[in-house]
Amino acid sequence: MSFIKSSANKTPIVDTVFSIVKLAKQDIEKNGKENVVDATIGSLYDESGKIVAYDSVFNHYDAIPHAAKAKYAESFKGNATYRKEVYNWVTQNKDIKLAHDIIATPGGTGAVALSITTFLDKGQTVLLPEIAWGSYKLMASENGIKVDYYKNFNGDHFNLESVSEKIASLQEKQDKVVMILNDPCHNPTGYSLTHGEWDKLVKILNEASKKTPVILINDIAYIDYSNALDNSRDYMECFNNISDNVMITVAFSCSKTLTSYGMRCGALILFAQNETDVNDTMTVMEKYARATWSNINNSAMDNFVYVVTDNRDNFLKEKETYIDIMKERSDIFLKEAKNCGLDIYPYKEGFFVTLKIEDQKLAEKVHSAFMDHHIYTVLVNKGIRVAVCSVSVPKVKGLAKKMKDIINSLSE
């Protein structure tokens, strides 16, 4: 006998990030902060090792009246002003001519999960990158959805050939294709597609849509940490070229953009050629929201609106400081990795760099050996993620060489 539904997965959850974070904290307590490199969690940390919480965000949040923090949002879709400003912020005046709608979600995680559960039935398959944030797979499996994988890279470029092949293969088995792409500033590799790659991807989706509906979930959690912010949304104009049988959902995260990870505030934007398709999808999503989380943090939504309108210049200036710091950290790591022959996946920008170790058993050995040397990272498929977002410049210096020496020692 069991109190739990028969279909439940009772295997205990092992989060590859937070379990290693705990070990890193224990090592710091034992051996001192200066002797430990904690390159685990994907939050922004300053040069003193403290989590960043923007003054331009939280000073105003602290001043929001208690009543505004206590009350419900105005609808299950989110406050109207929030939804409007999310759309403006995400698209940044790009000329997107598609029908669209927005729903507030509990973080970017909620936006991605809402997409998966809306479009796929139990037993169907979602297409994921083979190197990806592990929670995508968990979101699918917890909803009875299977996963398949496309290859991220062909050399130093996005693997469009693998995407095309996997879509075609999936269409032989089911009447719909749902694909996730985390771009730009991919977690965990730091890759961003070129405008040309996006053009080709849309053509692939359009061609596939002649056979079945195709949905692309574009997870943009890290977009606001692009090294070229003014051009970070240019690719979205490619959306205008999607066919009537393609839909794109864009998952936005206040967690990363505003350094407000614990507030759990995000949004999902739907794009399609036909307004009816958007309206029908939103109806299903709104009912799911009501039945799952009800509504989103009212004061977090109000604060976002204030930050990106009345306090926009101060916010952008403060955020730019940390984009520059991350670029300094990643530039050092990339240069030193190249000099010592440490193999990494193609990186352009963002929170993470990933070591290229395609043999998973070797990656596990390397990951363990790093911890023996007080270096804490995150094991991912076909590699090891290094969070440059949380490692100070002094600790980044020499880190690539240390890693290479540890890897070399395992083969001796």
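Residues numbered from 1 in each chain as written. Predicted model: local features only at pLDDT ≥ 70, side-chain atom pairs only at ≥ 80, totals over all residues. Heavy atoms only, no water.

For the rest of this paragraph, the subject is the overall build of the chain. Along its length, the chain carries 15 helices and 14 strands. Along the three orthogonal principal directions, the C-alpha set of the chain runs to about 60 × 55 × 55 Å. Counting all 412 residues of the chain, 54% fall into the buried class. In the chain, the proportion of contacts linking residues at least 24 apart, taken out of those at least 6 apart, comes to 74%. Only carbon and sulfur atoms are counted for the fraction: they give 50% of the accessible area of the chain, which is about 18,700 Å². Taking the 48 positively charged and 53 negatively charged side chains of the chain as two groups, their mean positions are separated by 4 Å. (Helix = DSSP H or I, 4+ residues; strand = E, 2+ residues; numbered from the N terminus. Buried < 20%, exposed > 50% of the residue type's maximum accessible area, 1.4 Å probe, protein only. Contact = heavy atoms within 4.5 Å. Areas by Shrake-Rupley, 256 points an atom, 1.4 Å probe, with all protein chains shown as cover. Lys, Arg positive; Asp, Glu negative; His and termini not counted. Charge placed at Lys NZ, Arg CZ, Asp CG, Glu CD.)

So, about the packing of helix 7 (residues 160–171) against helix 8 (residues 195–208). Angle between the axes and distance between the axes: these two values describe a pair of packed helices. The interhelical angle for the contact between helix 7 and helix 8, taken along N-to-C directions, is 15 degrees, at an axis separation of 10 Å. Classified by the interaxial angle, the pair formed by helix 7 and helix 8 is roughly parallel. The hand of the helix 7/helix 8 crossing is right-handed. Here Leu160, Val163, Ser164, Ile167 and Gln171 of helix 7 lie close against helix 8, whose contacting residues are Glu197, Lys200, Leu201, Ile204, Leu205 and Ala208. Tallied by class, the residues present in the contact of helix 7 with helix 8 amount to seven nonpolar, two polar and two charged. (Axes fitted to C-alpha atoms, helices over the stretch in contact; angles between N-to-C directions. Parallel < 35°, antiparallel > 145°, perpendicular 65-115°, else oblique. Left-handed = near helix turned anticlockwise from the far one by under 90°. Nonpolar A, V, L, I, M, F, W, Y, C, P; charged D, E, K, R; others polar.)

On the surface, Asp230, Glu320, Asp324 and Glu328 cluster together into a negatively charged patch. For aspartate 324, the position within the fold is in helix 12 (residues 312–340). The exposure class of aspartate 324 is partly exposed, given its relative accessible area of 44%. (Patch = residues over 30% accessible without salt bridge, like charges linked within 9 Å, V, L, I, M, F, W, Y side chains within 5 Å. Salt bridge = Lys/Arg side-chain N within 4 Å of Asp/Glu carboxyl O.)

Once that is clear, we can look at the packing of aromatic side chains. Going through the model one piece at a time under the given rule, you end up with 19 aromatic pairs. Aromatic pair tyrosine 225 and phenylalanine 351: ring centres 5.1 Å apart, planes at 75 degrees, arrangement edge-to-face. Of the two residues, tyrosine 225 is situated in the loop between strand 8 (214–219) and strand 9 (246–253) and phenylalanine 351 in the loop between helix 12 and strand 11 (352–356); the sequence distance between them amounts to 126 residues. Among the aromatic residues, ring-to-ring pairing joins Tyr87, Trp198, Tyr235, Phe239 and Phe271 into one connected group. One residue, lysine 69, lies across the ring of tyrosine 61, its end atom 4.5 Å from the ring centre. One cation-aromatic arrangement involves arginine 385 over phenylalanine 352; the distance from NZ or CZ to the ring centre is 3.8 Å. (Phe/Tyr/Trp six-rings, centres within 6.5 Å; stacked < 30°, edge-to-face > 60°. Lys NZ or Arg CZ within 6 Å of the ring centre and 35° of its normal.)

Below, the discussion takes up empty space enclosed by the protein. Under the definition given, this model contains three cavities of 30 Å³ or more. In this structure, the largest cavity encloses a volume near 80 Å³. If you go around the largest cavity, the residues you meet are Pro129, Tyr150, Asn152, Phe153, Phe158, Leu181, Asn182, Asp183, His186, Thr189, Tyr191 and Leu193. Counted by class, the lining of the largest cavity contains seven nonpolar, four polar and one charged residues. Of the volumes computed, that of the second largest cavity is approximately 40 Å³. Contributing to the lining of the second largest cavity are Val57, Cys254, Leu258, Ser260, Met263, Cys265, Ala300, Asn303 and Phe304. Per element, the largest residue contribution to the lining of the second largest cavity is three residues, and it comes from helix 11 (residues 298–308). When its residues are assigned to classes, the lining of the second largest cavity shows seven nonpolar, two polar and no charged. (1 Å grid on protein atoms, 1.4 Å probe; cavity = no way out; pocket = protein on both sides within 12 Å on 5 of 7 lines; lining within 4 Å. Points joined across faces, edges and corners; volume = space filled by probe spheres on them.)

Here we come to the pattern of salt bridges. Under the counting rule described, the total for this entry stands at 11 salt bridges. Here arginine 83 makes a salt bridge to aspartate 101, at a shortest N to O gap of 2.7 Å. One end of the pair, arginine 83, is in helix 4 (residues 80–91); the other, aspartate 101, is in strand 2 (residues 99–105), with 18 residues separating them in the sequence. Classification of arginine 83 by relative accessible area gives buried; the value is 16%.

Turning our eyes to something else, we now look at the nonpolar core. The biggest cluster of nonpolar side chains holds 114 residues, and the ones touching the most others in it are Leu44, Tyr82 and Leu201. With sequence-adjacent residues up to four places away left out, tyrosine 82 is seen in contact with Ala104, Cys254, Cys265, Gly266, Ala267, Met301, Phe304 and Val305. Counting residues in hydrophobic clusters, the runner-up holds 26 residues, among them Val37, Leu355, Ile357 and Val386. (Core = buried A, V, L, I, M, F, W, Y, C linked by side-chain atoms within 4.5 Å.)

The next subject is the sheet that holds strand 11. Spatial ordering of the open sheet is given by 11-14-13, a layout of three strands whose pairing is antiparallel. Pairing within the sheet leaves two strands with one partner each, and these edge strands are strand 11 and strand 13 (378–380). On average, adjacent strands in this sheet sit at an angle of 35 degrees to one another, irrespective of strand direction. With three bridges connecting them, strand 13 and strand 14 (residues 383–387) associate as antiparallel partners. What sits directly across from valine 378, in strand 14, is arginine 385. (Pairing = 2+ DSSP bridges.)

Glancing now at the side chain of serine 162. Relative to the assigned elements, serine 162 resides in helix 7. Look at serine 162 and you get buried, because its relative accessible area is 8%. When residues no more than four places from it in sequence are discounted, the contact partners of serine 162 are Tyr150 and Lys151.

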